[in-house]
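# A look at the structure
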Amino acid sequence: MPALEKYIGAKHTRNPHTIYMLRLADNALILGQRLSEMCGHGPEMELDMAMTNMSLDLIGQAKLLFEHILTLEDLAPNADVLALTRPLERYSNCLLVAQPNVDFAHIMLRQFLFSSMQKRQYEALLNSNDSTLAAIAEKSLKEIAYHIRFAKGWVLRLGDGTKESRDRMADALSCLWRFTGEMFTCDARVADAVEAGTSSDFTKTYSDWKLEVKTILSEAGGLTPHENTRMIMGGHFGQHDDNLGHILSDMQFMQLSYPGLEW
Amino acid sequence: MSRNNWHLYEVFIRSKNGLAHKHAGSVHAQDAETAILSARDLYTRRGEASSLWIIKSSDIIASDPGEAGELYDPSDDKIYRHSTFYTVPDGVKNM
């Protein structure tokens, strides 16, 4: 089957429940793909394994969500097609998860900022009117708790370490903080999902999250995010920077070259 | 990257409640917390563990392999220390 038909195969949806779950799935998929790039490149074998384990956790979460979406709505013939053949502007992950693996400090800070948000996002699903979604969230929360523990430990260790490790963590913070506002914006799709009973509104915990994260950062060698950072948004609505383009070219080529390929 | 702060730790895994911890291998880590996390990441990926013990390799006190002869050989010919050396008298009903 030609690739173009597969594109058409992943249909659009107008269902707010599905749209919100696609956002959750894309976040997990893209961060999982980003982390998988580190396979074989970790600073130490133990850390290499830790990052690939987290990658597998996230891709596993995405898989559960994509498969669940397909049981509710016939958007694609299978989860691979839904996950791997959409054009760039139809991915709804936040911008943070596509940011590059600059160094270990960037990777750990990105993970800490994302996972500490994801914990709140998934806790808000536990009372969802979709019981399968609530079960997926419950299972994922155990993985997320470990991701936070691991990444937080390294944010503290590097921030409070040597001059070089602190400089690198400070650089990561100045690069990544601008992508945090998007994750907690109560945009129309979050509001629709809340109204549909998919999730409660976790974006109300934004100030709690900021307090929690800033406390850790100040313990990490007195790091503070810039107060008046202009937040950059758009990923949730398909307006991505070129980072996602590079991820997709790598992630999609197999499914587009050999449409319908199965492992 | 500085390598001065990496230590070797030995990992012991208990697979089920009631069983003993068994040596599984070793990990490199900076301290107790990272050692536990690394051991979890390396040795419990396939549902092997319900508990982990970690000990710094340098803290293990081991016998000298060069002394193996004097330490262990003397027990080789003490077959009467095995219960199978003894025959159970016919009249014994409960053992």
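The structure presented is a predicted model; accordingly, all values stated were derived computationally and were not measured.

Counting its regular elements, chain B contains 2 helices and 3 strands. From first element to last, N terminus to C terminus, chain B shows the α and β order β-β-α-β-α. Expressed as lengths along the three principal axes of its C-alpha atoms, the size of chain B is roughly 70 × 35 × 15 Å. Across the 95 residues in chain B, those meeting the buried criterion constitute 23%. Residue pairs at least 24 apart in sequence account for 42% of intrachain contacts in chain B once pairs closer than 6 positions are excluded.

Our next topic: the interface of chain A and chain B. If you look at the interface, chain A gives 13 residues, while chain B gives 16 residues. Summed over both partners, the interface of chain A with chain B buries about 1,400 Å², with 52% contributed by carbon and sulfur atoms. For the interface between chain A and chain B, the tally reads 2 salt bridges. The tally of links from chain A across to chain B stands at 7 residue pairs in polar contact (both at pLDDT 80 or more). Residue assignment for the side of chain A that touches chain B shows that the elements contributing at least two residues are helix 3 (45–72) and helix 6 (131–159) of chain A. Taken together, the residues that form the side of chain A that touches chain B break down as 8 nonpolar, 1 polar and 4 charged.

A word on the sheet that holds strand 2 (residues 22–29) of chain B. All names here are of chain B. Ordered in space as 2-1-3, the 3 strands form an open sheet in which the pairing is antiparallel. Strand pairing shows two members of the sheet lacking a second neighbour, strand 2 and strand 3 (51–56), which therefore form its edges. On average, each strand axis in the sheet is inclined to that of its neighbour by 30 degrees, with strand direction left out of account. Here helix 1 (residues 32–43) sits on the sheet and contacts strand 1 (7–14), strand 2 and strand 3; the angle it forms with strand 2, its principal contact strand, is near 120 degrees.

Residues that lie three or four places apart on an α-helix share one face, since the helix turns once every 3.6 residues. A rise of 1.5 Å per residue sets the reference length of helix 6 of chain A, with its 29 residues, at 42 Å; its end C-alpha atoms lie 40 Å apart and thus fit the reference within 8%. Structurally, the start of helix 6 of chain A carries an N-cap: the backbone nitrogen of A:Thr132 is 3.1 Å from a side-chain oxygen of A:Asp130.

This part covers the packing of aromatic side chains. All names here are of chain A. Tallied over the entire structure, the rule returns 9 aromatic pairs over all chains. Measuring from centroid to centroid gives 5.2 Å for phenylalanine 104 and tryptophan 154, while their planes differ by 80 degrees, and the two rings are edge-to-face. Pair noted here: phenylalanine 104 is in helix 5 (residues 104–123) and tryptophan 154 is in helix 6, with a separation of 50 residues, a long-range link. Considered together, phenylalanine 104 and tryptophan 154 belong to a single accessibility category, that of buried residues. Between the NZ or CZ atom of arginine 157 and the centre of the ring of tryptophan 154, over which it lies, the distance is 5.4 Å. Directly above the aromatic system of tyrosine 206 lies the positively charged group of lysine 210, at a separation of 4.3 Å from the ring centroid.

Attention now moves to the pairing of strand 1 of chain B. All names here are of chain B. Where strand 1 meets strand 2, 7 bridges bridge the pair, whose relative direction is antiparallel. Counterpart to histidine 7 in the pairing with strand 2 is alanine 29. Summarising the sheet, strand 1 and strand 3 pair through 6 bridges and their orientation is antiparallel. Among the inter-strand pairings, arginine 14 is bridged to a residue of strand 3, identified as serine 51.

We now examine the pattern of salt bridges. All names here are of chain A. Evaluation of the coordinates by the stated rule reveals 16 salt bridges over all chains. Aspartate 187 is paired through a salt bridge with arginine 23; the nearest N and O atoms lie 3.0 Å apart. Of the two residues, aspartate 187 is situated in the loop between helix 8 (180–183) and helix 9 (188–195) and arginine 23 in helix 2 (residues 16–36); the sequence distance between them amounts to 164 residues. Here the two residues aspartate 187 and arginine 23 agree in accessibility, since each one is buried. Between arginine 168 and aspartate 103 there is a salt bridge whose closest N-O contact spans 3.2 Å. Taken together, the residues span a long stretch of sequence, with arginine 168 in helix 7 (residues 163–176) and aspartate 103 in the loop between helix 4 (79–84) and helix 5 at a distance of 65 residues. Note on arginine 168: relative accessible area 38%, which makes it partly exposed. Among the ionic contacts, a cluster of salt bridges with common partners joins Asp103, Glu164 and Arg168.

Next up on the list: a nonpolar patch on the surface. Taken together, B:Ile79, B:Tyr80, B:Phe85 and B:Tyr86 make up a surface patch of nonpolar side chains, about 440 Å² in accessible area. Mapping B:Tyr80 onto the fold places it in the segment after helix 2 (68–72).

We now examine the nonpolar core. Membership of the largest hydrophobic core comes to 81 residues, with the highest contact counts inside it found for A:Ile30, A:Phe66, A:Met108, A:Leu109, A:Phe150 and A:Trp209. If we ignore the near neighbours within four places in the chain, the residues touching A:Met108 are A:Met51, A:Met54, A:Phe150, A:Ala151, A:Trp154 and A:Val155. Core analysis: the next-biggest nonpolar cluster, separate from the first, contains 8 residues, B:Ile13, B:Ala29, B:Ala35 and B:Leu42 among them.

Topologically, A:Arg14 is positioned in the loop between helix 1 (3–9) and helix 2. Linking A:Arg14 and A:Glu212, residues 198 residues apart in sequence, is a C-alpha distance of 35 Å.

Glancing now at the side chain of A:Asn93. Looking at where A:Asn93 falls in the secondary structure, it is placed in the loop between helix 4 and helix 5. If we ignore the near neighbours within four places in the chain, the residues touching A:Asn93 are A:Asp26, A:Asn27, A:Ile30, A:Ala98, A:Gly235, A:His236, A:His240 and A:Leu244.

About the thresholds
Residues numbered from 1 in each chain as written. Chains lettered and ligands numbered in written order. Predicted model: local features only at pLDDT ≥ 70, side-chain atom pairs only at ≥ 80, totals over all residues. Heavy atoms only, no water. Helix = DSSP H or I, 4+ residues; strand = E, 2+ residues; numbered from the N terminus. Buried < 20%, exposed > 50% of the residue type's maximum accessible area, 1.4 Å probe, protein only. Contact = heavy atoms within 4.5 Å. Buried area = accessible area lost by both parts, 1.4 Å probe. Salt bridge = Lys/Arg side-chain N within 4 Å of Asp/Glu carboxyl O. Polar contact = N/O pair within 3.5 Å; in protein donor to acceptor, adjacent residues only side chain to side chain. Nonpolar A, V, L, I, M, F, W, Y, C, P; charged D, E, K, R; others polar. Pairing = 2+ DSSP bridges. Axes fitted to C-alpha atoms, helices over the stretch in contact; angles between N-to-C directions. Expected span 1.5 Å × (residues − 1). Phe/Tyr/Trp six-rings, centres within 6.5 Å; stacked < 30°, edge-to-face > 60°. Lys NZ or Arg CZ within 6 Å of the ring centre and 35° of its normal. Patch = residues over 30% accessible without salt bridge, like charges linked within 9 Å, V, L, I, M, F, W, Y side chains within 5 Å. Areas by Shrake-Rupley, 256 points an atom, 1.4 Å probe, with all protein chains shown as cover. Core = buried A, V, L, I, M, F, W, Y, C linked by side-chain atoms within 4.5 Å.

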